[in-house]
Amino acid sequence: MNRLRLSTVLVIINVGVLLLAVTGVALAAGRLLEQLADTQALARVAQAGTTARQEIARAGAGALTNAQLLAERPTLLRLLNAGDNAELGRFLAQFGRTSGQGGCALLRDDRLLAASDAGVPWDTIAARLGAANPFFFRAGAADPPILVARADVAGMAGAHVLVVQPLDAAFAQALGDDLGVTITIADPSAGADITATRNDDLGLFQARVPLAASDGAPAGTIVASLPTTSVEQSLGQLSRNLLLIALGVAVLAGLTSFLLGRRLAKPLETLTGAAARIGRGDLATPIAVAPGGEIGTLASTLEEMRWQLLRLTADLHRRQSESQAIITGIIEGVFSVDRERAIRFVNPQAAALLGRAPGDIVGRFCGDVLNPRMPDGTRPCAEHCPIIHARFRDGAQATEHVLLPDGRRRTVVITSAPFAADQQVQVLRDETEREMVRRLRDAVLANISHEFRTPLSAQLASIELLLDQLPTLSTEQIGQLVLSLQRGTLRLTQLIDNLLESARIESGHFAIRRRPVALDEVIEDALELTRPLLVQRGQHASIELPFPLPPIEGDAPLLTQVFVNLLANANKFAPDGSSIAVGGAVGPRDVTLWVADQGPGMPASAAGALFGRFVRSHGDEPEQNGVGLGLWIVQSIVERHGGAVAAESSGQGTRVRVTLPIAAG
């Protein structure tokens, strides 16, 4: 009886099993990929709809910001007072083009004075103004919604500006181009939830996202659409690729099985010893070449396996060294624990973060090393341990307050990976500095509240005294009370100005309006604004400025604020009855002005730190007022003028120098 050759049997078995496996995997993968593609497409259109709603919200915020900027323009107030409606219309049109808005209008007492776009129903919009700002407006069922923002004109009662952004087809198309889907804005629909469905009749994946006004009223529905053909084409191409791969693998497997079967037809006893040596771990002894096809192939295969094992062993050692170098070189601390949460590995960063030597950490329970503490002083190791939580999830993260051996506390974020390969990796990130920043922010907010309350309380007391005893007070007493009110108002004004300038600098809306500036007038204005503070403490200003002072290019109000802050700072630190000197010097390319007091001075190491944000002196400061923004704002304004500011002290008194470039020509 004829028997099948070993090579033929191997070819039939391997190719058959492989074809069955590939066919089953391909069918299952095709179905799963189709479901996954539908899920991804629905998620894409839902995300696109949500993003479109966020972009519309940002457009509303931008329109409100532009409306506020337009309302604060001095040109608008000047033209409004002049009653030049034609010039107002041109000004509004120019502002609309510059800001990229759909239109601008100016109303006074709900009457339209001027507008940049006659196609917008301004009178109808004005009749629907309410508490919501911004709000949505739709003239008719067939008209697109319009996003309207309103801002009151400062210094003109009953006057306000309107800025609109039509949510028309062009807006939706631009939004859809950015998101890679088709965006339309439809009428409001029932329900406040986001829905994503596949519409086979239309051949589209669609997501409907409700669009609501700031007061919660429905304003429309954002419809994000994606053709199903794009997904079906990708799935078809993927199925064809899988079929080609399956055929190629089957052919390759059949050829390989045929070759190996022919080589394995003869007895294999001579290779048993070589295989046994390899099994015992002897990879140094080479395998001799054996005669015959099957035995020779097996011998070559075993020799190749031996070389592969040698290379893999060397590669494992290399990768282990690389992993060790990576873990040792990263910034975050890394350690691993076993099932009992005993530490088995720790990198130098984690050891330094915990203030211990690696030898004192490995082998110990992680709770004893980190020593975390909850707000009530208990340890979270039993019920709130992120390592335990990560074993039942895909990972866990927790913020812990660990106690170091020297008594210091650190705030760390522990990210725990799931348990794998008999160990669990943890990553430590030091959050102590961020925690300090958050505490500093809370302290600044509390100090701001205190700084507002103190002058307001003094002003209220003076006002109540005036109301209760006005008929019996003398002119001198009334003058003293009014002077107290003036000082409190000046203090509040300076604090508010500093806070506003800090916000502008931080947000990036800090612009220098460069015009010719006379520095002597800047000094005179600053002295006039701070004169009540000097009179209160019996101080006087000594002015020694060179004549004439050269002109500079800059923003006079901002430079006035610079010297108001410097004079107020000198007033606070200088003793009662002392003199505050204001001087200057003119160089070939710049002019230097300084303000010097006769206070206690400062150490030389503190000169640079004085100009930091929220930095306040806690040593010899006579009264803890202010929030530490004055000198920071001074430095910001001066540097934006192309100058520099520095502080120096000779042991008694402090001098702050401001250097500004002279105007060209």
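Look a little higher up for the structure.
To keep things clear, this report deals only with the structure shown in the data block. (Residues numbered from 1 in each chain as written. Predicted model: local features only at pLDDT ≥ 70, side-chain atom pairs only at ≥ 80, totals over all residues. Heavy atoms only, no water.)

## What to know about the nonpolar core
Part 1 of the reasoning: Within the largest apolar cluster, 36 residues are counted, with the highest numbers of intra-cluster contacts made by Val562, Phe563, Leu566, Val595 and Leu660.
Part 2 of the reasoning: Counting residues per element, the ones that place at least two in this core are helix H14 (519-536), helix H15 (556-573), strand S19 (579-586), strand S20 (590-596), helix H16 (630-640), strand S21 (644-649) and strand S22 (654-661).
Part 3 of the reasoning: Here this core gets 8 residues from one element, more than from any other, and that element is H15.
Part 4 of the reasoning: The residues touching Phe563, leaving out its near neighbours within four places in the chain, are Val522, Ile523, Ala526, Leu593 and Val595.
Part 5 of the reasoning: Core analysis: the second largest hydrophobic core is formed by 28 residues, Ala52, Leu147, Ile183 and Ala213 among them. (Core = buried A, V, L, I, M, F, W, Y, C linked by side-chain atoms within 4.5 Å. Buried < 20%, exposed > 50% of the residue type's maximum accessible area, 1.4 Å probe, protein only. Helix = DSSP H or I, 4+ residues; strand = E, 2+ residues; numbered from the N terminus. Contact = heavy atoms within 4.5 Å.)

## Points about the sheet that holds S19
Part 1 of the reasoning: Strand order in this open sheet of 5 strands is S17-S19-S20-S22-S21, and the pairing throughout is mixed. Two strands bound the open sheet, and with one partner strand each, they are strand S17 (540-544) and S21. This sheet shows a mean twist of 15° between the axes of neighbouring strands, independent of strand direction.
Part 2 of the reasoning: Strand contacts of H15: S19, S20 and S22, with the helix running at about 30° to S20, the strand carrying the most contacts.
Part 3 of the reasoning: H16 contacts S21 and S22 of the sheet and is inclined by roughly 135° relative to S21. (Pairing = 2+ DSSP bridges. Axes fitted to C-alpha atoms, helices over the stretch in contact; angles between N-to-C directions.)

## Concerning the packing of aromatic side chains
Note on aromatic pairs: each is described by the distance of the centres and the angle between the planes.
Part 1 of the reasoning: Under the defined criterion, the tally for this structure stands at 0 aromatic pairs.
Part 2 of the reasoning: Positioned above the aromatic ring of Trp307 is the side chain of Arg306, whose terminal nitrogen or guanidinium carbon lies 5.0 Å from the ring centre. (Phe/Tyr/Trp six-rings, centres within 6.5 Å; stacked < 30°, edge-to-face > 60°. Lys NZ or Arg CZ within 6 Å of the ring centre and 35° of its normal.)

## Observations regarding the pairing of strand S14 (residues 409-416)
Part 1 of the reasoning: Looking at chain direction, strand S13 (residues 396-403) and S14 are connected through 8 bridges and run antiparallel. Paired with Gln397 across the bridge in S14 is Thr415.
Part 2 of the reasoning: Counting the residues between successive antiparallel strands, the hairpin from S13 to S14 contains 5 residues, one of them, Gly407, with a positive phi of roughly 95°.
Part 3 of the reasoning: Relative to strand S15 (residues 424-430), S14 is paired through 5 bridges, and the arrangement is antiparallel. Considered in S15, the bridge of Val413 is made with Arg429.

## A few points about the pattern of salt bridges
Part 1 of the reasoning: One pass over the structure, following the stated rule, counts 11 salt bridges.
Part 2 of the reasoning: In this structure, Asp200 and Arg198 form a salt bridge, with 2.8 Å as the shortest nitrogen-oxygen distance.
Part 3 of the reasoning: Put simply, Asp576 and Arg537 hold a salt bridge, and the shortest N to O gap is 2.7 Å. In this pair, Asp576 sits in the loop between H15 and S19 while Arg537 sits in the loop between H14 and S17, placing the two residues 39 residues apart along the sequence.
Part 4 of the reasoning: Taken together, the salt bridges that share partners define one network made up of Asp38, Arg198 and Asp200. (Salt bridge = Lys/Arg side-chain N within 4 Å of Asp/Glu carboxyl O.)

## Details of unusual backbone geometry
Part 1 of the reasoning: Residue Pro548 is bonded to the preceding Phe547 through a cis peptide linkage, with omega at -5°.
Part 2 of the reasoning: Tracing the sequence through the fold places Pro548 in the loop between S17 and strand S18 (552-554).
Part 3 of the reasoning: Non-glycine residue Arg341 carries a positive phi angle of around 65°.
Part 4 of the reasoning: With respect to the helices and strands, the residue Arg341 is situated in the loop between strand S10 (333-337) and strand S11 (343-346).
Part 5 of the reasoning: Take Arg341: its relative accessible area is 16%, and that puts it in the buried class.
Part 6 of the reasoning: A positive phi angle is found at Asn371, which is not glycine, with a value near 50°.
Part 7 of the reasoning: Here Asn371 is to be found in the loop between helix H10 (366-370) and strand S12 (372-373).

## Remarks on H16
Part 1 of the reasoning: The buried fraction of H16 is high, at 8 of 11 residues.
Part 2 of the reasoning: Of the residues one or two after H16, Gly642 is the one with positive phi, at around 80°.

## Thoughts on the state of the cysteines
Part 1 of the reasoning: For the structure shown, the criterion picks out 0 disulfides.
Part 2 of the reasoning: No disulfide involves Cys366; its nearest neighbouring cysteine sulfur is the one of Cys385, lying 5.4 Å away.
Part 3 of the reasoning: Taking the relative accessible area as the measure of exposure, Cys366 reaches 7% and is therefore buried. (Disulfide = S-S within 2.5 Å.)

## With respect to a nonpolar patch on the surface
Part 1 of the reasoning: Taken together, the side chains of Leu238, Leu242, Ile245 and Val249 make up a nonpolar region of the molecular surface, amounting to roughly 290 Å² of accessible area.
Part 2 of the reasoning: Turning to its location among the elements, Ile245 is positioned in helix H6 (residues 228-263).
Part 3 of the reasoning: We classify Ile245 as exposed; its relative accessible area is 53%. (Patch = residues over 30% accessible without salt bridge, like charges linked within 9 Å, V, L, I, M, F, W, Y side chains within 5 Å. Areas by Shrake-Rupley, 256 points an atom, 1.4 Å probe, with all protein chains shown as cover.)

## A word on the side chain of Thr659
Part 1 of the reasoning: Within the fold, Thr659 resides in strand S22.
Part 2 of the reasoning: By relative accessible area, which is 18% here, Thr659 ends up buried.
Part 3 of the reasoning: Here Thr592 takes part through its side chain, which lies 3.3 Å from a polar atom of the side chain of Thr659. (Polar contact = N/O pair within 3.5 Å; in protein donor to acceptor, adjacent residues only side chain to side chain.)

## Side note on the sheet that holds strand S4 (residues 146-152)
Part 1 of the reasoning: Strand order in the open sheet formed by 5 strands is S2-S1-S5-S4-S3, with antiparallel pairing between adjacent strands. Both outer strands of the open sheet, strand S2 (111-115) and strand S3 (135-137), are each paired with one neighbouring strand and no more. Between one strand and the next, the sheet's axes are offset by a mean angle of 35°, whatever the strand orientation.
Part 2 of the reasoning: The pairing of strand S1 (residues 103-108) with strand S5 (residues 159-166) spans 6 bridges and is classified as antiparallel. Paired with Ala105 across the bridge in S5 is Leu162.

## What to know about the pairing of S5
Part 1 of the reasoning: In terms of burial, S5 is largely enclosed, as 7 of its 8 residues are buried.
Part 2 of the reasoning: With 7 bridges connecting them, S4 and S5 associate as antiparallel partners. Counted as the bridge partner of Ile146 is Pro166 from S5.
Part 3 of the reasoning: Where S4 folds back onto S5 in an antiparallel hairpin, the turn is made up of 6 residues, including Gly155, whose phi is positive at roughly 85°.

## Here's the deal with a negative patch on the surface
Part 1 of the reasoning: Together, Asp520, Glu521, Glu524 and Asp525 line one region of the surface with negative charge.
Part 2 of the reasoning: With respect to the secondary-structure elements, Asp520 resides in helix H14. (Lys, Arg positive; Asp, Glu negative; His and termini not counted. Charge placed at Lys NZ, Arg CZ, Asp CG, Glu CD.)

## Overview of the environment of Leu113
Part 1 of the reasoning: Tracing the backbone through its elements, the reader meets Leu113 in strand S2.
Part 2 of the reasoning: On the accessibility criterion, Leu113 (14% relative accessible area) is buried.
Part 3 of the reasoning: The spatial distance from the C-alpha of Leu113 to the C-alpha of Asn85 is 6.3 Å, given a sequence separation of 28 residues.
Part 4 of the reasoning: With near-sequence residues (within four places) excluded, Leu113 lies in contact with Leu80, Asn85, Leu106, Leu107 and Arg108.

## Brief notes about empty space enclosed by the protein
Part 1 of the reasoning: According to the stated counting rule, one finds 1 cavity of 30 Å³ or more in the structure shown.
Part 2 of the reasoning: If you add up the space inside the largest cavity, you get close to 120 Å³.
Part 3 of the reasoning: What lines the largest cavity is simply Phe335, Cys366, Gly367, Leu370, Pro372, Pro380, Cys381, Cys385, Pro386, Ile387, Glu400 and Ile414.
Part 4 of the reasoning: Elements with a minimum of two residues in the lining of the largest cavity: H10 and helix H11 (386-391). (1 Å grid on protein atoms, 1.4 Å probe; cavity = no way out; pocket = protein on both sides within 12 Å on 5 of 7 lines; lining within 4 Å. Points joined across faces, edges and corners; volume = space filled by probe spheres on them.)

## Thoughts on helix H2 (residues 74-82)
Part 1 of the reasoning: Those residues of H2 lying buried are Leu76, Leu79 and Leu80. Viewed end-on, H2 has its buried residues packed into an arc of 100°, placing them on one side of the element. Set apart from the buried face of H2 by more than 90 degrees, the exposed residues are Pro74, Arg78, Asn81 and Ala82.
Part 2 of the reasoning: Looking at the residues trailing H2, positive phi occurs at Gly83, about 75°. (Arc of directions from axis to C-beta.)

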